[in-house]
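# Analysis of the macromolecular model
Residue strings, one per chain:
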Amino acid sequence: MPPRSTPAARTRPISMSYLRAFDAVARHLNFRIAAEDLALTQSAVSRQIQALEHEVGAALFQRHTRSVELTAAGRLMQLATHLSLERVDATVRQIRQNTGRKSVSITTWASFASMWLIPRLEAFQREHPDIDIRIDASDAFVDLHSADVDLALRSAEPHSGLAQGERLFGEQLTLVASPWLLKTQPIHTLADLMACTWIESSDLQSAQHLQWLSWQRWLETYATPTTSAQTGLPSPARWLYFNYTHQVVQAALTGQGVALARLPLVAESLANGNLVEVLPQTRLSSPLAYWLLRAPHSDARPEVRAFCDWLRMQAAQTREAIGDLADPDTVDGQD
């Protein structure tokens, strides 16, 4: 009897639809949710996964009665598939973008978008009516090498270990309140301040750099310790907490209390009189600065360069308003 032949190695390319189905199931570990994500039936997704496993020659999932988990081969496949699909999608979007309307996409965090960037955008749109702007307000880290994003605007300490960035301006912290509040509760001393409501972000402990923004730090710098509070420091009449910086400032704008605000983000409100700086001699320096990062694949596009030039002009105005004397051309930083 002739020896049994070894099965021929599979060499044909794998269907992209199989990889899409695999990526969806691997992300959700649920065939039904993956099917909804892909706008397919659950049975269609199941058939695609079976076909992919046949092509690969190994089981990619362990199927249980009420759950699904990746096999060792599935985990290897997921490492390659997810990143590859992201890069393909980003490339396709970039091609479509370059052949269609000119646009610039920016990622930044919500408070910076609402308090600094968006109020200034009208001027850019007036100068460049043919450029569309897309803002993704998120705290999540974005890989500018693979994501469909042109620019990132972030706040961080210099040399914080992230991608190389261009410094826009630095930061100080200052006490602010509505002029309407100060008409009924004038603040000239710490005792006056303690009679007010103090407004603060409730998530300052979620990240090391956010602790610079706390009232605790201001008290440690400017208040005389007492024995009445557990911390040994004075405490206000009441506290008011919010999740985000822009909510903290909005509460101050409406006269609900005094906020320890990031000066670059309230400079316009101070200039137009919507906010008043309380005890201005008690400003706090901050190690944080604001950075512009550019995606390598977007750097050469004229519309991106135009937006960066405009950002630099706006940043120069902010530096002047807050008294930031550092020259951004001589300061290396990282986001």
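Bear in mind that the values here come from a model prediction, so they are computed numbers and not experimental data.

What counts as what
- The numbers attached to residues start from 1 for each chain and follow its sequence in the written order.
- This being a predicted model, a pLDDT of at least 70 is required before a residue's local features are given, and a value of 80 or more before pairs of side-chain atoms are given or counted; all residues contribute to the totals for chains, interfaces and linings.
- Hydrogens and water molecules were not included; the side-chain quantities draw on all heavy atoms of the structure.
- To qualify as a helix, a DSSP run of H or I must reach at least 4 residues; to qualify as a strand, a run of E must reach at least 2; elements of each kind are numbered from the N terminus.
- The rule is simple: take the accessible area with a 1.4 Å probe, protein chains only, and divide by the maximum for that residue type; under 20% is buried, over 50% is exposed, in between is partly exposed.
- Residue contacts follow a heavy-atom distance rule, with two residues in contact if any of their heavy atoms lie within 4.5 Å.
- Residue-level accessible areas treat just the shown protein chains as cover; the underlying method is Shrake-Rupley with a 1.4 Å probe.
- Take the buried Ala, Val, Leu, Ile, Met, Phe, Trp, Tyr and Cys residues and link them wherever side-chain atoms come within 4.5 Å; each set so joined is a nonpolar core.
- Within this document, salt bridges are pairs made up of a side-chain nitrogen of Lys or Arg and a carboxyl oxygen of Asp or Glu, the two lying within 4 Å of each other.
- Here the rule is simple: two strands pair whenever DSSP picks up at least two bridges between them.
- Look down the strands so they point away from you; if the path from the first strand over the helix to the second goes clockwise, the crossover is right-handed.
- For every residue, the predictor reports its confidence as pLDDT, a number between 0 and 100.
- Here a polar contact means two N or O atoms within 3.5 Å. Within protein one must be a hydrogen donor candidate and the other an acceptor candidate, and residues neighboring in sequence count only if both atoms are side-chain atoms.
- The criterion for an aromatic pair is that two Phe, Tyr or Trp rings (for Trp, the six-membered ring) have centres within 6.5 Å, with stacked assigned to planes under 30 degrees apart, edge-to-face to planes over 60 apart and tilted to the rest.

### Section: the overall build of the chain
Along the chain, the regular secondary structure elements total eleven helices and twelve strands. For the chain, with 335 residues in total, the buried portion stands at 42%. Partitioning the intrachain contacts of the chain with sequence separation of at least 6 by distance along the chain shows that 76% fall at a separation of at least 24. Here the chain displays about 18,200 Å² of accessible surface, and carbon together with sulfur accounts for 53% of that area.

### A look at the nonpolar core
Leu 117 and Phe 307 are the most contacted members of the largest nonpolar core, which has 37 residues in total. Contacts of Leu 117, omitting those with residues within four sequence positions, involve Ile 106, Thr 108, Phe 112, Ile 135, Leu 153, Phe 307, Trp 310 and Leu 311. By size, the runner-up hydrophobic cluster in this structure holds 20 residues, among which are Cys 196, Trp 215, Leu 279 and Leu 288.

### Looking at the pattern of salt bridges
Tallied over the full model, the rule gives 18 salt bridges. The salt bridge involving Arg 120 is made with Glu 268; its shortest N-O contact spans 3.6 Å. Pair noted here: Arg 120 is in helix α5 (residues 110-127) and Glu 268 is in helix α10 (residues 263-271), with a separation of 148 residues, a long-range link. The class of Glu 268 is partly exposed, set by a relative accessible area of 49%. Taken together, the salt bridges that share partners define one network made up of Glu 166, Arg 294, Asp 299, Asp 309 and Arg 312.

### Some details on α10
Along α10, the positions that sit buried rather than exposed are Leu 263, Pro 264, Leu 265, Val 266, Ala 267 and Ser 269. Structurally, α10 contributes buried residues whose contacts are with α5, β6 (164-177), α9 (245-253), β9 (258-262), β11 (284-294) and α11 (302-322).

### What about the pairing of strand β3 (residues 102-108)?
In terms of residue burial, β3 counts as a mostly covered element, since six of its seven residues are buried. Pairing analysis gives seven bridges linking β3 to strand β4 (residues 131-137), with the strands arranged parallel. If you follow Ile 106 over to β4, its bridge partner there is Ile 135. Once the chain exits β3 it traverses α5 before rejoining the sheet at β4, and the crossover so formed is right-handed. By the bridge criterion, two bridges tie β3 to strand β5 (residues 151-156) in an arrangement that is parallel. Within β5, the position partnered with Thr 107 by the bridge is Ala 152.

### Here's the deal with the confidence of the model for the chain
Predicted confidence across the chain gives a mean pLDDT of 85, with 86% of residues reaching 70 or more. Counting contacts from residues 5-9, a segment whose pLDDT is below 50, to residues more than four positions away or on other chains yields zero contacts. Per-residue pLDDT stays below 50 along residues 330-335; that stretch engages in 28 contacts with residues further than four places along the chain or on separate chains.

### Focus: unusual backbone geometry
The backbone phi angle of Leu 29 is positive, close to 50 degrees, even though this residue is not glycine. Along the chain, Leu 29 falls in the loop between α1 (16-28) and α2 (31-38). In this structure Leu 29 comes out as partly exposed when scored by relative accessible area, which is 36%. Even without a glycine there, the phi angle at Ala 39 is positive, about 60 degrees. Note on placement: Ala 39 falls in the loop between α2 and α3 (42-56).

### Description of the side chain of Ser 201
Here Ser 201 shows up in strand β7 (residues 197-201). Under the relative-accessibility criterion, Ser 201 is labelled buried at 12%. Within polar-contact distance, the side chain of Ser 201 engages the backbone oxygen of Asn 243 at 3.4 Å. Beyond its immediate stretch of four places on either side in the chain, Ser 201 contacts Tyr 241, Phe 242, Asn 243 and Val 248.

### Focus on the packing of aromatic side chains
One pass over the full model with this rule turns up 16 aromatic pairs. Seen from their ring centres, Phe 112 and Trp 116 are 5.1 Å apart, and the 20 degrees between their planes marks the pair as stacked. Placement of both Phe 112 and Trp 116 in helix α5 is noted, with a separation of four residues, approximately one turn of the helix. Under the relative-accessibility criterion, Phe 112 is labelled buried at 1%. The exposure class assigned to Trp 116 is buried, which follows from its relative accessible area of 0%. Pairing Trp 218 with Tyr 222 gives two aromatic rings, centres 5.6 Å apart and planes at 45 degrees, and the pair type is tilted. Here Trp 218 and its partner Tyr 222 are both found in helix α8 (residues 215-222), four residues apart, which amounts to about one turn of the helix. Judged by relative accessible area, Tyr 222 falls into the partly exposed class, the value being 33%.

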